[in-house]
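Descriptive structure summary
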Amino acid sequence: QVQLVESGGGLVSAGGSLRLSCAASKRIISGYAMGWFRQAPGNEREFVAGSDWSGDRTYYADSVKGRFTISRDNAKNTVYLHMNSLKPEDTAVYYCAAALGTSYTVTSRSAYNTWGQGTQVTVSS
């Protein structure tokens, strides 16, 4: 069973940057789509960014486009979310997810079948 572990969350001022990492327990993720989601208190978990198996094709939610970048290092079994120009509305628990069995970029939460435990990102104004 693949396990995903996020790290890199924390408290940052508005306009600042953070890099989240998601380490997978097995190399299996190298062939599949990966994504990042977030959930703020009282809100549904929402798609943030996704990558196909290679990292060449990515997709972003409109709210983070131009500020966030998803990347992956399949040799290290790790996916990253680079977050720049952070805003208070970016505050949420961020989750890494794998769509095992799917190689192309997907945005639907239902397509992802393996999830990390989440990491808190708090952006102060």
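Residues numbered from 1 in each chain as written. Predicted model: local features only at pLDDT ≥ 70, side-chain atom pairs only at ≥ 80, totals over all residues. Heavy atoms only, no water.

1. Focus: the overall build of the protein chain
- For the protein chain, the count of helices and strands is 0 helices and 11 strands.
- When its helices and strands are written in sequence order, the protein chain yields β-β-β-β-β-β-β-β-β-β-β.
- Over its C-alpha trace the protein chain gives a radius of gyration of 13 Å, about what one expects of a compact globule, namely 14 Å for 125 residues.
- Overall, the protein chain is about 40 × 25 × 25 Å in size when its C-alpha atoms are taken along their principal axes.
- Counting all 125 residues of the protein chain, 45% fall into the buried class.
- Taking the intrachain contacts of the protein chain between residues at least 6 apart in sequence as the baseline, contacts between residues at least 24 apart amount to 60%. (Helix = DSSP H or I, 4+ residues; strand = E, 2+ residues; numbered from the N terminus. Rg over C-alpha atoms; globule rule 2.2 N^0.38 Å. Buried < 20%, exposed > 50% of the residue type's maximum accessible area, 1.4 Å probe, protein only. Contact = heavy atoms within 4.5 Å.)

2. Examining the nonpolar core
- Of all hydrophobic cores here, the largest spans 27 residues; its most connected members are L4, W36, L81, M83 and Y94.
- Of all the secondary-structure elements, those providing two or more residues to this core are strand 3 (18–24), strand 4 (33–39), strand 5 (46–51), strand 7 (68–73), strand 8 (78–83), strand 9 (92–99) and strand 11 (119–124).
- Dropping the residues within four chain positions of it, Y94 is found in contact with E6, L20, W36, F37, R38, V48, F68, L81, M83, G118, T119 and V121. (Core = buried A, V, L, I, M, F, W, Y, C linked by side-chain atoms within 4.5 Å.)

3. Some thoughts on the environment of Y80
- Structurally, Y80 can be placed in strand 8.
- Looking at Y80, the relative accessible area reads 14%, which means it is buried.
- For Y80 and T102, which are 22 residues apart along the polypeptide, the C-alpha to C-alpha distance reads 19 Å.

4. A closer look at the packing of aromatic side chains
- Summed over all chains, the structure comprises 5 aromatic pairs.
- Look at F37 and F47: their rings are 5.6 Å apart centre to centre, the planes differ by 80°, and that puts the pair in the edge-to-face class. In this pair, F37 is assigned in strand 4 and F47 in strand 5, connecting sequence segments 10 residues apart.
- It is R45 that lies over the ring of W115; its NZ or CZ is 5.0 Å from the centre.
- Looking at K65, its charged tip hangs above the ring of Y59, at a distance of 5.8 Å from the centre. (Phe/Tyr/Trp six-rings, centres within 6.5 Å; stacked < 30°, edge-to-face > 60°. Lys NZ or Arg CZ within 6 Å of the ring centre and 35° of its normal.)

5. Focus on the pattern of salt bridges
- Applying the stated criterion across every chain yields a total of 4 salt bridges.
- Of the charged contacts in the structure, one is a salt bridge between D90 and R38, with a shortest N-O distance of 2.9 Å. Of this pair, D90 sits in the loop between strand 8 and strand 9 while R38 sits in strand 4; the two residues are 52 residues apart in sequence, bridging distant segments of the chain. For the residue pair D90 and R38, the accessibility class agrees, reading buried in each case. (Salt bridge = Lys/Arg side-chain N within 4 Å of Asp/Glu carboxyl O.)

6. Re the sheet that holds strand 8
- The strand order across the open sheet built from 4 strands is 1-3-8-7, with neighbouring strands paired in antiparallel fashion. Across the chains shown, the open sheet's two edge strands, defined by having one partner strand only, are strand 1 (4–7) and strand 7. Each adjacent strand pair in this sheet contributes to an overall mean axis angle of 15°, direction not counted.
- Summarising the sheet, strand 1 and strand 3 pair through 4 bridges and their orientation is antiparallel. Paired with E6 across the bridge in strand 3 is C22. (Pairing = 2+ DSSP bridges. Axes fitted to C-alpha atoms, helices over the stretch in contact; angles between N-to-C directions.)

Honestly, that's just the spatial picture; any functional story needs more than this.
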